[in-house]
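Spelled out from the first residue to the last, the chains are:
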Amino acid sequence: MKKFSTWLLVMFMVMFWVFRIIVTLTSELNIDFGGIVPLNKEMEIALLFAFLICVILVVKRNIIGGLLYLLLYGMYFGVYLFNNINSIITADETMQSVSVYMNTFISLIGMIIPIAVLLDLLADKGRKSNPKDKKTDWFYNNENYDRKMDERADKNNYRTL
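What counts, and at which threshold
- Residues numbered from 1 in each chain as written.
- Predicted model: local features only at pLDDT ≥ 70, side-chain atom pairs only at ≥ 80, totals over all residues.
- Heavy atoms only, no water.
- Helix = DSSP H or I, 4+ residues; strand = E, 2+ residues; numbered from the N terminus.
- Salt bridge = Lys/Arg side-chain N within 4 Å of Asp/Glu carboxyl O.
- Buried < 20%, exposed > 50% of the residue type's maximum accessible area, 1.4 Å probe, protein only.
- Axes fitted to C-alpha atoms, helices over the stretch in contact; angles between N-to-C directions.
- Parallel < 35°, antiparallel > 145°, perpendicular 65-115°, else oblique.
- Left-handed = near helix turned anticlockwise from the far one by under 90°.
- Contact = heavy atoms within 4.5 Å.
- Nonpolar A, V, L, I, M, F, W, Y, C, P; charged D, E, K, R; others polar.

Trainee: Looking at this structure, how should I read the environment of Trp7?
Mentor: Mapped onto the secondary structure, Trp7 falls in helix H1 (residues 4–28). Sequence separation between Trp7 and Val59 is 52 residues, and the spatial gap between their C-alpha atoms is 8.6 Å.

What follows is the structure, given as structure tokens:
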């Protein structure tokens, strides 16, 4: 994770995850959190634990982590977002509460973050697990250099007065 954009996206991922934990807890404790509720409590809890695997894979720059993150969040937030946008466009009479609009906005954020993470992973050319860094590899990965230094160090016999 050498790029600043990757650090920002991981921070947004974690902040959104903490936000979803708070939403789930307030819903479980029957506290109103501005009309924001989990769409499905059981699925939300499973998604919160699956996020931990996804964030580890994204930090390690594995493309599978970004795909899994997009797939899980797309299945959870995408369906709800699609249904609510259709009902907003058709102006159903069930659209009387602000909570529907808030949950739609949160679902939109829940879809934007995984798409941005996947695009960042795809755009990063150095996402290999062990990328070659020519500036430092000559020193750290050079066994001949280590042998020369060890042999030279053995010959340094200084007399003390």
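Trainee: Please explain the pattern of salt bridges as it appears in this structure.
Mentor: Between side chains of opposite charge, a pair can form as their charged atoms come close. Under the counting rule described, the total for this entry stands at three salt bridges. Of the charged contacts in the structure, one is a salt bridge between Arg20 and Glu44, with a shortest N-O distance of 2.9 Å. Of the two residues, Arg20 is situated in helix H1 and Glu44 in helix H2 (residues 41–59); the sequence distance between them amounts to 24 residues. As far as the burial class goes, Arg20 and Glu44 line up, both buried. Among the ionic pairs, Lys41 bridges to Glu28, the shortest N-O distance being 4.0 Å. Here the residue Lys41 occupies a position in helix H2, and Glu28 occupies one in helix H1, the gap between them amounting to 13 residues. In this structure Lys41 comes out as partly exposed when scored by relative accessible area, which is 30%.

Trainee: Would you mind showing me how to read the packing of H1 against helix H4 (residues 98–123) here?
Mentor: Each pair of packed helices can be described by the angle between their axes along with the distance between the axes. Across the interface, H1 lies against H4 with an axial gap of 10 Å and an inter-helix angle of 150°. Taken together, the axes of H1 and H4 are roughly antiparallel relative to one another. Remark: the crossing between H1 and H4 carries left-handed chirality. Two secondary-structure elements touch here, H1 through Ser5, Thr6, Leu9, Phe12, Met13, Phe16, Phe19 and Arg20 and H4 through Ile106, Ile109, Gly110, Ile113, Ala116, Val117 and Asp120.

Trainee: I'm lost on unusual backbone geometry in this one. Help?
Mentor: Among all residues except glycine, the phi angle is most often negative; among peptide bonds, the trans geometry is most common. The residue Asn30 is not glycine, and still its phi comes out positive at about 60°. Residues other than glycine seldom take positive phi values, yet Arg61 does so here, at roughly 65°. You can see Arg61 is positioned in the loop between H2 and helix H3 (63–90).

Trainee: Help me out: how do you make sense of the environment of Ile85 in this one?
Mentor: Inspection of the secondary structure puts Ile85 in helix H3. Along the primary structure Ile85 and Thr104 are separated by 19 residues, whereas in three dimensions their C-alpha atoms are 7.6 Å apart.

Trainee: I'm lost on the packing of H1 against H2 in this one. Help?
Mentor: Running from N to C, H1 and H2 cross one another at 165°; their axes reach a closest spacing of 11 Å. Taken together, H1 and H2 sit at an angle that is classed as roughly antiparallel. Relative to H2, H1 is oriented so that their crossing is left-handed. Contact residues: H1 offers Val10, Met13, Val14, Trp17, Arg20, Ile21, Thr24, Ser27 and Glu28, while H2 offers Lys41, Glu44, Ile45, Leu48, Phe51, Leu52, Val55, Val58 and Val59. Along the lines of polarity and charge, the residues of the contact of H1 with H2 split into 12 nonpolar, two polar and four charged.

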